[in-house]
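# Structural characterization, general
As a plain string of letters, each chain reads:
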Amino acid sequence: MNDTPPPSEPPRLTVIGTGYLGATHAICMAVLGYDVLGVDVDERKIARLASGEVPFFEPGLPELLTKALESGRLRFTTSFEEAGRFGDVHFICVGTPQQPGSDAADLTYVDAAVRSLAPHLDRRALVVGKSTVPVGTAARLSDLLRELAPAGADVELAWNPEFLREGFAVDDTMRPDRLVFGVASAWAEERLYAAFRPILELGTPVVRTDLGTAELVKVAANSFLATKISYINAMAEVCEAVGADIKDLADSLALDDRIGGRFLKPGLGFGGGCLPKDIRAFAHRAEELGVGQAVAFLREVDDINRRRRARTVDLVRELLGGRIFGARIACWGAAFKPNSDDIRDAPALDVARTMHGLGGRVRVYDPAALDNARRAFPELRYGESALDVAEDADVVVLLTEWADFREVSPDALAMVVKHKRVVDGRHALDAAQWREAGWEYRALGRA
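What you see is a predicted model, and the numbers here were worked out from it, not measured in a lab.

## Brief notes about the overall build of the chain
Across its full length, the chain holds 19 helices and 14 strands. The C-alpha radius of gyration of the chain comes to 24 Å, within 12% of the 22 Å expected for a compact globule of 447 residues. In terms of overall dimensions, the chain has a C-alpha envelope of 70 × 50 × 40 Å along the principal axes. Summed over its atoms, the accessible surface of the chain is roughly 18,900 Å², and 51% of this surface lies on carbon and sulfur atoms. Measuring between centres, the 54 positive side-chain charges of the chain sit 3 Å from its 66 negative side-chain charges.

The structure is reproduced here in structure tokens:
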């Protein structure tokens, strides 16, 4: 932890990459009072943002985009030359997906961003990585910047990992629980303090560290969370074998101060664009470094998580008397989590597709992710509401824990279904309430 350096002139910020991370960062920093230029090679995405349209679902962000644009502090461009002229601090916020056919992270977009920006940096500037990358990437990019930037060693690299939760990204950007500054000089640290001044004035803790540690913080955090989720799901498998109740077990563990209840919720498991690919990339990188054995447990964490999807299909099959073929199945949820339209590695859609492949007559509804789901999986059928897809259903399967689904009355749902059967893949429903209403209720890890 470091004390805040004395105030300095607010730097002008560029944000390279205007996907989920970049657009959120650019919008929020402009609202906080910075002059910000968002940069992307996707002309359509830039045009949508410049017109006031957020190209993904995130509560609160559209209103902030309108505010930022009206203030004149936020603009968008496809020109890296303009970015080089404009910015004092350049944030790299591009994606690092999993490489096809490998567990390694694909750094194509990170490298392209640096190679496109560097030739236009002809004065002292700070480039700040926010993307999640394998440890050692920052050192390599530092060399690349010195090689390609006209200003040479006057261009420095820092790393500031992001910890955004989809559905809570605005709060996580403007009121984070901590900031990590990976820097190689006092000047780079001062520039980061200047770039986050309004957030730091709220008393936000700062951890100043080296570049490598800053790179590791995000993947270490995600690996820990993934391990906690898979641990309670492993316990659910044991509970099923002996007839115990995983919810009661989890509630008991949560009361232990050493463990706590966050991320200790059994169910269908994790998905999305971060946890699955990050733990795989971390294990892959550790193996490259010769320390793969130290994180070998992450392979089992991943395997436990994948098994929850197959086990959910098994629950549906059991509730249907052993046969999915021909059954009408209502799937509630498509996004990997509520308050998001993100369907990357979504357990909900994986389960829906598996049941469709087994001959089930599957219909899917999600409050935010339907358009993305339709584009990615046109073979599935979709509906306009939770009750719509449940009409004449033989079983209802809750796969994403949206509040909309928790609020559905068992009696109201009973009026439209063919059979009162429900599989609660997220432990989101009140089991006693549904059973008292005459429903056959099943959930992972519960008798």
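Structure's up, so let's keep going.
## Comments concerning the packing of aromatic side chains
Applying the stated rule across the entire model yields eight aromatic pairs. When the centroid spacing of 5.1 Å and the interplanar angle of 50 degrees are considered together, the rings of tyrosine 20 and phenylalanine 56 count as tilted. With a gap of 36 residues between them, tyrosine 20 in helix H1 (residues 20-31) and phenylalanine 56 in the loop between helix H2 (43-50) and helix H3 (61-71) connect regions that are remote in the sequence. A relative accessible area of 15% means that phenylalanine 56 is categorised as buried. Arranged with centres 6.2 Å apart and planes meeting at 75 degrees, the rings of tyrosine 365 and phenylalanine 405 form a pair that is edge-to-face. Of this pair, tyrosine 365 sits in strand E10 (residues 361-365) while phenylalanine 405 sits in helix H17 (residues 403-406), and the two are 40 residues apart along the sequence. Take tyrosine 365 and phenylalanine 405: they sit in the same class, and that class is buried. One aromatic cluster in this structure is built from Phe91, Phe181, Tyr193 and Phe196. The side chain of arginine 12 reaches across the aromatic face of phenylalanine 86, ending 4.5 Å from its centre. Between the NZ or CZ atom of arginine 165 and the centre of the ring of phenylalanine 168, over which it lies, the distance is 4.6 Å.

## Concerning the sheet that holds strand E9 (residues 328-332)
If you walk across this open sheet you meet the six strands as E11-E10-E9-E12-E13-E14, and the pairing is parallel. On the outer flanks of this sheet lie strand E11 (381-382) and strand E14 (440-443), each paired with one strand and no other. By the bridge criterion, four bridges tie strand E13 (residues 421-424) to E14 in an arrangement that is parallel. Following the sheet pairing, valine 422 is matched in E14 by tyrosine 441. Set on the sheet, helix H14 (residues 347-357) makes contact with E9, E10 and strand E12 (395-398); between it and E10 the angle comes to about 160 degrees.

## Focus on empty space enclosed by the protein
By rolling a water-sized probe across the atoms, one finds the places where empty space is left. Counted under the stated rule, the structure contains one cavity of 30 Å³ or more. A volume near 30 Å³ is recorded for the largest cavity. Looking at the largest cavity, the residues that line it are Lys130, Ser131, Thr132, Val133, Trp159, Pro161, Glu162, Ala214, Glu215 and Lys218.

## Notes on the pairing of E13
Where burial is concerned, the two faces of E13 agree: the one with Arg421 and Val423 and the one with Val422 and Asp424 are both buried. Pairing between E12 and E13: three bridges, direction parallel. For valine 397, the partnering residue across the bridge sits in E13 and is valine 423. Crossover handedness for the path E13 to helix H19 (residues 431-436) to E14: right-handed.

## Looking at the packing of helix H10 (residues 211-242) against helix H12 (residues 275-288)
Packing of H10 against H12 leaves a shortest axis separation of 9 Å and a crossing angle of 115 degrees. One way to sum up the angle between H10 and H12 is to call them roughly perpendicular. Along this stretch, H10 crosses H12, giving a crossing that reads as left-handed. Residues Leu216, Lys218, Val219, Asn222, Ser223, Ala226 and Ile229 of H10 form the contact with H12, whose own contacting residues are Leu275, Asp278, Ile279 and Phe282. Looking at the contact of H10 with H12 residue by residue, the classes come out as seven nonpolar, two polar and two charged.

## Quick look at helix H8 (residues 186-195)
Most of H8 is tucked away, with eight of its 10 residues classed as buried. Listing the buried residues of H8 in full gives Ala188, Glu189, Glu190, Arg191, Leu192, Tyr193, Ala194 and Ala195.

## Observations concerning the UniProt feature "domain: UDP-glucose/GDP-mannose dehydrogenase C-terminal" (unreviewed entry) in the chain
Summarizing the sequence annotation, UniProt attributes the feature "domain: UDP-glucose/GDP-mannose dehydrogenase C-terminal" (unreviewed entry) to residues 330-431 in the numbering used throughout. Taken as a whole, residues 330-431 contains 31% helix and 18% strand, while its terminal C-alpha atoms sit 18 Å from one another.

## Section: the packing of H10 against helix H11 (residues 246-254)
Between H10 and H11, the least distance of the axes is 9 Å, while the angle of their chain directions is 140 degrees. As the angle between them shows, H10 and H11 are arranged oblique. For H10 against H11, the interelement crossing comes out right-handed. Here H10 contributes Tyr231, Ile232, Met235, Ala236 and Cys239 to the contact with H11, which in turn contributes Ile246, Leu249, Ala250 and Leu253. Classifying every residue of the contact of H10 with H11 by side-chain character gives nine nonpolar, no polar and no charged.

## So, the side chain of lysine 277
Mapped onto the elements of the fold, lysine 277 is located in helix H12. Of the polar contacts made by the side chain of lysine 277, one reaches the backbone oxygen of threonine 96; its length is 2.9 Å. In this structure the side chain of lysine 277 is engaged in a polar contact, spanning 3.0 Å, whose partner is the side chain of aspartate 278. Among all residues touching lysine 277, those that are not within four sequence positions of it are Thr96, Gln98 and Thr132.

## Considering the nonpolar core
Counting residues in each nonpolar core, the largest one holds 55 residues, and the members touching the most others are Ile329, Trp332, Met355 and Leu413. Per-element tally for this core: the top contributor is H14, with five residues. In contact with tryptophan 332, other than residues within four places in its own chain, are Tyr365, Ala386, Val389, Val396, Val397, Leu398, Leu399, Thr400, Phe405, Val408 and Leu413. In terms of nonpolar packing, the next biggest core, distinct from the first, is built from 44 residues, Val54, Leu64, Phe76 and Cys93 among them.

What counts, and where the lines are drawn
- Residues numbered from 1 in each chain as written.
- Predicted model: local features only at pLDDT ≥ 70, side-chain atom pairs only at ≥ 80, totals over all residues.
- Heavy atoms only, no water.
- Helix = DSSP H or I, 4+ residues; strand = E, 2+ residues; numbered from the N terminus.
- Rg over C-alpha atoms; globule rule 2.2 N^0.38 Å.
- Areas by Shrake-Rupley, 256 points an atom, 1.4 Å probe, with all protein chains shown as cover.
- Lys, Arg positive; Asp, Glu negative; His and termini not counted.
- Charge placed at Lys NZ, Arg CZ, Asp CG, Glu CD.
- Phe/Tyr/Trp six-rings, centres within 6.5 Å; stacked < 30°, edge-to-face > 60°.
- Buried < 20%, exposed > 50% of the residue type's maximum accessible area, 1.4 Å probe, protein only.
- Lys NZ or Arg CZ within 6 Å of the ring centre and 35° of its normal.
- Pairing = 2+ DSSP bridges.
- Contact = heavy atoms within 4.5 Å.
- Axes fitted to C-alpha atoms, helices over the stretch in contact; angles between N-to-C directions.
- 1 Å grid on protein atoms, 1.4 Å probe; cavity = no way out; pocket = protein on both sides within 12 Å on 5 of 7 lines; lining within 4 Å.
- Points joined across faces, edges and corners; volume = space filled by probe spheres on them.
- Right-handed = clockwise from strand over helix to strand, strands pointing away.
- Parallel < 35°, antiparallel > 145°, perpendicular 65-115°, else oblique.
- Left-handed = near helix turned anticlockwise from the far one by under 90°.
- Nonpolar A, V, L, I, M, F, W, Y, C, P; charged D, E, K, R; others polar.
- UniProt positions renumbered as here; feature names shortened; annotations may be inferred.
- Polar contact = N/O pair within 3.5 Å; in protein donor to acceptor, adjacent residues only side chain to side chain.
- Core = buried A, V, L, I, M, F, W, Y, C linked by side-chain atoms within 4.5 Å.

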